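Overview (structure and organization)
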Amino acid sequence: MATIRCGDFKTSYAKDMAIFDSAFARWCLALFLLALLTVPLYASSYWMDVTNRVGIAIIGAVGLNILTGFTGQISLGNAAFMAVGAYATAYLGAHLPGLPFVLTILLSGFLAAVVGMVFGVPSLRLKGLYLAMATLAAHFIIEFVATHWNDVTGGVAGVSVAPASFFKYSLDTDSKLFYLIFGLMFFLVFFAKNLFRTKVGKAFVAIRDQDISAEVMGVNLFKYKLMSFGISSFYVGVAGSLLAYQAKYISPENFPITLAIDYLAMIIIGGMGSILGSILGAIFITCLPELLRLGASSLSGTFPSLVGLFASLKLGVFGLAIVLFLVFEPDGMAERWRKIKTYWRLYPFSY
Amino acid sequence: MSTPQLEAKNVMLRFGGVTAIKDVSFAVEPGAIHAIIGPNGAGKTSLLNAISGVYRPQQGQIIFAGQDITRMKPYERTSRGLARTFQNIALFKNMTVLDNLLIGRHTHQHCGILKGGFYYGPGEREEVAHRMVVEDIIDFLEIQHIRKKIVGTLAYGLQKRVELARALALEPKLLLLDEPMAGMNAEEKEDMARFIIDTNEDRGTTVLMIEHDMGVVMDISIRVVVLNFGVKIADGTPQEVQRDPHVQKAYLGQEDAEVAGVAEA
Ligand SMILES: Nc1ncnc2c1ncn2[C@@H]1O[C@H](COP(=O)(O)OP(=O)(O)O)[C@@H](O)[C@H]1O
Ligand SMILES: [Mg+2]
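Below, the structure is looked at part by part. (Residues numbered from 1 in each chain as written. Chains lettered and ligands numbered in written order. Predicted model: local features only at pLDDT ≥ 70, side-chain atom pairs only at ≥ 80, totals over all residues. Heavy atoms only, no water.)

Residue and element names in this part refer to chain B. As a structural note, the neighbourhood of ligand 1 is formed by Phe15, Val18, Ala20, Pro39, Asn40, Gly41, Ala42, Gly43, Lys44, Thr45, Ser46 and Tyr55. In the model, an oxygen atom of ligand 1 is placed 2.8 Å from a nitrogen or oxygen of the Lys44 main chain. Protein coverage of the free-state accessible area of ligand 1, which is 560 Å², stands at 63%. If you list the elements that add at least two residues to the shell around ligand 1, you get strand E2 (18–28) and helix H1 (44–52). In terms of residues, the shell around ligand 1 owes the most to one element, H1, which gives three residues. For the shell around ligand 1, the residue count by class is six nonpolar, five polar and one charged. (Near = heavy atom within 4 Å. Polar contact = N/O pair within 3.5 Å; in protein donor to acceptor, adjacent residues only side chain to side chain. Areas by Shrake-Rupley, 256 points an atom, 1.4 Å probe, with all protein chains shown as cover. Helix = DSSP H or I, 4+ residues; strand = E, 2+ residues; numbered from the N terminus. Nonpolar A, V, L, I, M, F, W, Y, C, P; charged D, E, K, R; others polar.)

Following this line, the structure appears as structure tokens:
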């Protein structure tokens, strides 16, 4: 049986448990990171904006996947928890202008975590669709607060967000924000990956697979479900905070229920219970409309009517992509990637 | 006499109109292997569920090592040294064998979110230390070859063995087994019996098991509780129980050829 590349022999349990199982994989990652660092040097402002949105989406998708994909708790509240993080950042920026942006982001994440845990309480009693309904209620409650608490949120009109700043230095352009977003993104992805190698993360997966069994193995269901809501909402809140910095102006329109569904689509298409899947799904769902837009505008010379069709086309292709994935690759893009890797590892003996 | 490892006192468990267990009392000595037998639907699994905390009895008490655990949640009982397996295997199907066993270390581990997420340092040390405990159990139950396999893909007999391994990873004082040999072939049964005896002898674990195979029950347990329609009808050594007229009557009423063996033996 061919396992992990010939001659790659594990000498200790620590090595056996490493995330990247070969020096080759680590080199690929390092090269990729270096390439990524140079993106702001040549990307147009349009693509800089898309890239930043991809980074934010990855953080949010990893967060949602922690709760829904890894712990098995369906949530439609993630757009609302994102809003909590975003409004917290706007509020802190306006009322505590001296606060370094790292602290602002952390506090926004923590506030979202607390709100997420409060709305996670019903998860002890509710499962599946019923929990989806309860978290949907959370969405509308938070949306209601956002539209009516004028002093803090600016109501339907919204609030402007002061740029992320640290003393005199301020991250006022998309290129500068890029380093913040991607720095945080890598740290949070790494943190999540590690979490699932240790006690807490494994308890989450146990709850998803067999909750009675998990409890009999000593997992305190209530505590760990709330922890999952907390960690997940922290990630989502940080994504919201970064979104606020990037958008510079936020209103309830930034956080519609369709945003929550976009995030669910990311983790379903990318792969439930997979960190890599969250990343791939976030890239796919964020870039798909941009690619469609490009396609439509390049064809507009020959078929001018296409541009008008664009809006409906976007939704149609979006839906089609989800259906195709559910039918042909129900385990998501991450699973497809794994199959391709296995195929080449065993090549040419791939039967 | 020393404090029993486990004591059930007048336990009564009802599901709506059905009384699954009626006023059942018995005790398990520390370090022994006890068995619960009885026809299908007699209430054996329900009794195990009451002991492990999956269901809470309406009346009576469960005493574990001298402490009343009747009102405790299952996870609280686990951290006091209680472990169990399920009649219809309840493993974490999408995880590897290794991860299933590592969940068994949950109550022995202490790294929280931050130490886990940062990993290098305390997180890694803890994982490696518990991986070694788990590897010992893997060697003990001879499942080295499947340690990285996803549990859902394994054959039934192996899954039963993995479930025993997962329970042992808890390093329990009392192990509850619900029909550990059901659906196995003769060879697998023999292996399983040997593992249960070794667990008891080498690790000093007290065992309470439900089993249908009379040969096994007679061979390895020192005491047997017999249930019928939720009532305890006998409690004694395997020989005493076999001679008991109530037990013979309960089993003769049954068509089940395997179980009828008790009356003939
Ligand atoms: N969760 C439950 N809900 C309702 N009735 C149950 C439940 N569990 C067991 N019972 C009933 O309790 C009785 C005893 O079942 P059980 O303990 O599974 O028997 P055994 O394990 O001895 O075959 C049966 O009549 C069964 O239908
Ligand atoms: Mg049963």
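Now for the environment of Ala43 of chain A. Residue and element names in this part refer to chain A. You can see Ala43 is positioned in the loop between helix H3 (39–42) and helix H4 (45–70). On the accessibility criterion, Ala43 (23% relative accessible area) is partly exposed. Along the sequence, Ala43 and Ser175 sit 132 residues apart, while their C-alpha atoms lie 9.1 Å from each other. (Buried < 20%, exposed > 50% of the residue type's maximum accessible area, 1.4 Å probe, protein only.)

What follows covers the pattern of salt bridges. Under the definition given, this model contains 17 salt bridges over all chains. The shortest N-O distance in the salt bridge between Arg208 of chain A and Asp209 of chain A comes to 3.2 Å. Arg208 of chain A gets classed as partly exposed once you look at its relative accessible area, which sits at 29%. One salt bridge in this structure joins Lys232 of chain B and Asp235 of chain B, with 3.0 Å as the shortest N-O distance. A relative accessible area of 26% means that Asp235 of chain B is categorised as partly exposed. A single salt-bridge network, built from bridges that share partners, covers Glu142, Arg161, Asp191 and Arg194 of chain B. (Salt bridge = Lys/Arg side-chain N within 4 Å of Asp/Glu carboxyl O.)

Turning to the nonpolar core, a few remarks are in order. If you look at the biggest cluster of nonpolar residues, it comprises 129 residues, and the most contacted ones within it are Met82, Phe204, Tyr235, Ile250 and Phe255 of chain A together with Leu141 and Ile196 of chain B. Dropping the residues within four chain positions of it, Ile250 of chain A is found in contact with Ala86, Tyr87, Ala90, Gly158, Val159, Val161, Leu243, Ala244 and Phe255 of chain A. In this structure, Leu13, Ala20, Leu47 and Leu208 of chain B belong to the second largest nonpolar core, which totals 25 residues. (Core = buried A, V, L, I, M, F, W, Y, C linked by side-chain atoms within 4.5 Å. Contact = heavy atoms within 4.5 Å.)

At the junction of the two partners, chain A supplies 32 residues and chain B supplies 40 residues. Across the chain A to chain B interface the summed buried area is about 3,300 Å²; carbon plus sulfur atoms make up 66%. Among the salt bridges present, the one from Lys202 of chain A reaches Asp99 of chain B, with a minimum N-O distance of 3.7 Å. Connecting chain A to chain B are eleven residue pairs in polar contact (both at pLDDT 80 or more). Mapped onto the side of chain A that touches chain B, the elements with two or more residues apiece are helix H1 (13–16), helix H9 (174–195), helix H10 (199–209), helix H11 (211–216) and helix H12 (221–247) of chain A. (Buried area = accessible area lost by both parts, 1.4 Å probe.)

Before going further, it helps to examine a nonpolar patch on the surface. On the surface, a cluster of nonpolar side chains totalling about 610 Å² of accessible area is made up of Leu320, Val323, Leu324, Leu326, Val327 and Phe328 of chain A. What makes Phe328 of chain A exposed here is its relative accessible area of 63%. (Patch = residues over 30% accessible without salt bridge, like charges linked within 9 Å, V, L, I, M, F, W, Y side chains within 5 Å.)

Let us now look at the packing of aromatic side chains. This model, assessed by the stated rule, comprises 17 aromatic pairs over all chains. On the numbers, 6.1 Å between centres and 75° between planes, the contact of Phe284 of chain A with Phe325 of chain A is edge-to-face. With Phe284 of chain A in helix H14 (residues 275–299) and Phe325 of chain A in helix H15 (residues 305–328), the pair connects residues that are 41 residues apart, well separated along the chain. Here a set of aromatic residues connected by ring pairs shows up, and it is made of Phe70, Phe196, Phe204 and Tyr224 of chain A. Between Arg197 of chain A and the ring centre of Tyr119 of chain B, over which it is positioned, the NZ or CZ distance is 3.6 Å. Geometry around Phe195 of chain B places Arg194 of chain B over its ring, the cationic atom sitting 5.0 Å from the centre. (Phe/Tyr/Trp six-rings, centres within 6.5 Å; stacked < 30°, edge-to-face > 60°. Lys NZ or Arg CZ within 6 Å of the ring centre and 35° of its normal.)

A word on the layout of surface pockets. Take a probe with the size of a water molecule and roll it over the atoms, and the empty space left behind shows itself. Taken as a whole, the second largest pocket holds about 630 Å³ of empty space. For the lining of the second largest pocket, the element with the most residues is helix H13 (residues 257–270) of chain A, which contributes six residues. (1 Å grid on protein atoms, 1.4 Å probe; cavity = no way out; pocket = protein on both sides within 12 Å on 5 of 7 lines; lining within 4 Å. Points joined across faces, edges and corners; volume = space filled by probe spheres on them.)

A few words on the coordination of the magnesium ion (ligand 2). Protein-derived ligands of the magnesium ion (ligand 2) are Thr45 of chain B (OG1) and Gln87 of chain B (OE1), with the metal-ligand distances lying across 2.0 to 2.2 Å. Note that Thr45 of chain B is positioned in helix H1 and Gln87 of chain B in the loop between strand E6 (82–84) and helix H3 (97–103), a separation of 42 residues in sequence. (Donors = N, O, S within 2.8 Å, 3.2 Å for Na, K, Ca; no water.)

Quick look at the packing of helix H6 (residues 156–169) of chain B against helix H7 (residues 186–203) of chain B now. Residue and element names in this part refer to chain B. Remark: H6 packs on H7, axes separated minimally by 11 Å, with the N-to-C direction vectors making an angle of 10°. Here H6 is positioned roughly parallel relative to H7, judged by the angle of their axes. For the pair H6 and H7, contact is made by Gly157, Lys160, Arg161, Leu164 and Leu168 and by Glu188, Asp191, Met192, Phe195, Thr199 and Arg203, respectively. (Axes fitted to C-alpha atoms, helices over the stretch in contact; angles between N-to-C directions. Parallel < 35°, antiparallel > 145°, perpendicular 65-115°, else oblique.)

Residue and element names in this part refer to chain B. The strand order across the open sheet built from six strands is E6-E7-E8-E3-E9-E10, with neighbouring strands paired in mixed fashion. On the outer flanks of this sheet lie E6 and strand E10 (231–236), each paired with one strand and no other. Along the sheet, successive strands turn relative to each other by an average axial angle of 15°, direction set aside. Of the strands in this sheet, strand E3 (33–37), E6, strand E7 (174–178), strand E8 (206–210) and strand E9 (223–228) touch H1, which is tilted by about 150° from E7. Along the sheet, H6 makes contact with E6 and E7, crossing E7 at roughly 160°. (Pairing = 2+ DSSP bridges.)

Moving on, we get to the sheet that holds strand E4 (residues 59–64) of chain B. Residue and element names in this part refer to chain B. Spatial ordering of the open sheet is given by E2-E1-E4-E5, a layout of four strands whose pairing is antiparallel. Unpaired on one side and paired on the other, E2 and strand E5 (67–68) mark the two borders of the sheet. On top of the sheet, H1 reaches strand E1 (6–15), E2 and E4; it is set at about 65° to E2, its chief contact.

All names here are of chain A. Running from N to C, H4 and H9 cross one another at 25°; their axes reach a closest spacing of 10 Å. Relative to H9, the element H4 lies roughly parallel. Read as a crossing pair, H4 and H9 show a hand that is left-handed. Contacts between H4 and H9 involve Ser45, Met48, Asp49, Thr51, Asn52, Gly55, Ile56, Ile58, Ile59, Val62 and Ile66 from the first element and Asp174, Ser175, Leu177, Phe178, Ile181, Phe182, Leu184, Met185, Leu188, Val189 and Ala192 from the second. Classifying every residue of the contact of H4 with H9 gives 15 nonpolar, five polar and two charged. (Left-handed = near helix turned anticlockwise from the far one by under 90°.)

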